[in-house]
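Examining the three-dimensional arrangement
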Amino acid sequence: MTEAATALKTTPLHALHVELGARMVPFAGYDMPVQYPLGILKEHQHTREKAGLFDVSHMGQVRLTGEDPAAALETLVPGDIKGLAQGRMRYTLFLNEQGGILDDLMVTNAGDHLFLVVNAACKEQDVAHLREKLAEKAEVELLDDLALMALQGPMAAEVMARFVPEAATMKFMSYLSATFKGVPVILTRSGYTGEDGYEISCDKADAEMIARALLGESEVEAIGLGARDSLRLEAGLCLYGHDIDTTTTPVDGALEWTLPKRRRAEGGFPGYDIIHRQLTEGTSRRRVGIQPEGRQPAREHTEIQDANGTVIGEITSGGFGPTAGAPVAMGYVDIANSAVGTPLTLVVRGKPLPARVAATPFVPQRYYRG
Amino acid sequence: MTKKFTKDHEWVQVDGDVATVGVTDFAQSQLGDVVFVELPDAGRVLEKGKEAAVVESVKAASDVYAPVSGTVVEANQSLVDDPSMVNSAAETDGWFFKLQLKDASELDGLMDEAAYKAFVEESH
């Protein structure tokens, strides 16, 4: 093992990944399973057909407390946090003063506090950002004694109900404090695959017991980061640092749905002036789904040209969608070429590959709506 | 018939002055599930060590290099139709292309099966 590899952090499930025969790779400073012996293609299909268990303990779990943590958080994000009912969760974005996206996150109203889940690669800077900006208004605690797993797929609910019966009736984007084989867990009905499922937050010490219990169910397979990426791409979900970053606003990123009416009218979040203007006047470029013709995938950073050969953008995520049975991608194009169906040319290894702007998701989302 | 191997994890099997080229079983296990291959057209002249084909798995794209110089006489069309054959039959039916050898002495610089096996174990 190289020095760089030994310096990597590990999750509480590291030994289990190795025992299961995972291929481990460095990801956001952690030694993480990219795939298990099943392989990315079958892991992807298994998650779409049955249920997959993902270790996402590298992600940041943060507790926000204070007199009015929702009002405090609203000064940093454009989402409606004050209107979030207890036990409900929402996707939102940390923005900078230019309206650029610092990170994307999930916010849950857990009653006496807000519970945030942020990206692994951003968690240190997110916590520093929260502490700096909310110094007088909220206490920020990085919960690094917790593990996080995701159980995703059409059979996730049936499996989870064997351990946590009340999980079956949880609504999509809701939160439940529960007991799993005698240990406390926080469940949310959410995920990053386009399928029904849960994220499970628990004490680090209980993670392996819970993982083994879930993997012991016949429907469940361990799924690595490789399939996590192809699943989220087919579902049309953004990967921070690739599809959205500090150079893209929520309007560029086609994430207007994260900007509710009240916040659009009232403002009070970073970059409001720019975003408000973009909502009225439009932007010069936009994130779109892209469907290459044929079977050759177009990867991240692939150049996109219009019908005249003018460069109009680039792919930000691209690969093969096992469920779509075809290559799938997303990227930014100039606004004139952003309508669904617009023909594009992708330059793959110096050769033109025909493609079209496509609607996302590439496969239907199957969230539980109760 | 002799079978030789490269450090780029290609195999080449020689029958007379025609060499059949593919990627090794070790290479396919590292690539993961292959979803696309691009093969050279018949008639194309390949130079030893230069890009000859492309293989794409779910996760990444990789180049396949010409292990020896020569002229392509046939590409494996069934591999284009079913790229998963790279995974299921890397060193048999999953061959990539056949070359008319330009200089048979180029084969001398390649590894035999035992040397390749040792190379894989040593480097991975």
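Residues numbered from 1 in each chain as written. Chains lettered and ligands numbered in written order. Predicted model: local features only at pLDDT ≥ 70, side-chain atom pairs only at ≥ 80, totals over all residues.

- If you look chain B up in an unreviewed UniProt entry, it shows as Glycine cleavage system H protein from Azospirillum melinis.
- Quoted verbatim from the Function (unreviewed entry) heading of the UniProt record, the comment on chain B is "The glycine cleavage system catalyzes the degradation of glycine. The H protein shuttles the methylamine group of glycine from the P protein to the T protein."
- Database annotation for chain B, UniProt heading Subunit (unreviewed entry): "The glycine cleavage system is composed of four proteins: P, T, L and H." (UniProt positions renumbered as here; feature names shortened; annotations may be inferred.)

- The name recorded for chain A in an unreviewed UniProt entry is aminomethyltransferase, from Azospirillum melinis.

Focus: the overall build of chain A
- Assigned secondary structure in chain A consists of 10 helices and 19 strands.
- C-alpha extents for chain A along the principal axes are approximately 65 × 50 × 50 Å.
- The contacts in chain A between residues at least 6 apart in sequence include a share of 65% that link residues at least 24 apart. (Helix = DSSP H or I, 4+ residues; strand = E, 2+ residues; numbered from the N terminus. Contact = placed C-beta atoms within 7 Å.)

Some points on the overall build of chain B
- For chain B, the count of helices and strands is four helices and nine strands.
- Starting at the N terminus and walking to the C terminus, you meet the elements of chain B as β-β-β-α-β-β-β-β-β-α-α-β-α.
- For 124 residues, the compact-globule estimate of 2.2 N^0.38 gives 14 Å, and chain B sits close to it at 13 Å.
- For chain B, the spread of C-alpha atoms along the principal axes amounts to about 35 × 35 × 25 Å.
- Per-residue burial over chain B gives 39% buried out of 124 residues. (Rg over C-alpha atoms; globule rule 2.2 N^0.38 Å. Buried ≥ 20, exposed ≤ 12 C-beta atoms within 10 Å, placed from the backbone.)

Some thoughts on the UniProt feature "domain: Lipoyl-binding" (unreviewed entry) in chain B
- Mapped onto this structure's residue numbering, the UniProt feature "domain: Lipoyl-binding" (unreviewed entry) falls at residues 18–100 of chain B.
- Secondary structure within residues 18–100 of chain B divides into 19% helix and 42% strand; the distance between the first and last C-alpha atoms comes to 5 Å.

Examining the sheet that holds strand 4 (residues 34–38) of chain B
Residue and element names in this part refer to chain B.
- The strand order across the open sheet formed by three strands is 4-6-7, and the pairing between neighbours is antiparallel. Pairing within the sheet leaves two strands with one partner each, and these edge strands are strand 4 and strand 7 (61–65). Strand-to-strand, the axes of this sheet are offset by a mean angle of 25°, without reference to chain direction.
- Of the pairings in the sheet, the one linking strand 4 to strand 6 (residues 51–57) comprises four bridges and is antiparallel in character. Within the sheet, the bridge partner assigned to Phe 36 lies in strand 6 and is Glu 56. (Pairing = 2+ DSSP bridges. Axes fitted to C-alpha atoms, helices over the stretch in contact; angles between N-to-C directions.)

Quick notes on the pairing of strand 8 (residues 70–75) of chain B
Residues and elements named next belong to chain B.
- As judged from the two bridges shared by strand 5 (residues 45–46) and strand 8, these two strands associate in the antiparallel manner. Residue Val 45 lies in a different strand from strand 8, and its bridge partner there is Thr 71.
- Here strand 8 pairs with strand 9 (residues 97–101) via five bridges, running antiparallel. Bridge pairing in strand 9 places Val 72 opposite Leu 99.

Some words on helix 3 (residues 40–49) of chain A
- By the burial criterion, the buried members of helix 3 of chain A are A:Ile40, A:Leu41, A:Glu43, A:His44, A:Thr47 and A:Arg48.
- The elements touched by buried residues of helix 3 of chain A are strand 2 (30–35), strand 3 (51–55), strand 9 (146–152), strand 13 (220–222) and helix 8 (225–234) of chain A.

Re unusual backbone geometry
All names here are of chain A.
- Look at the link from Thr 360 to Pro 361: it is a cis peptide, with omega at 0°.
- Relative to the helices and strands, Pro 361 resides in the segment after strand 19 (351–358).
- In this model, Ala 254 sits at a positive phi of 60°, which is unusual for a non-glycine residue.
- Checked against the element boundaries, Ala 254 lands in the loop between helix 8 and helix 9 (261–266).
- Accessibility expressed as a C-beta count within 10 Å gives 21 for Ala 254, which makes it buried.

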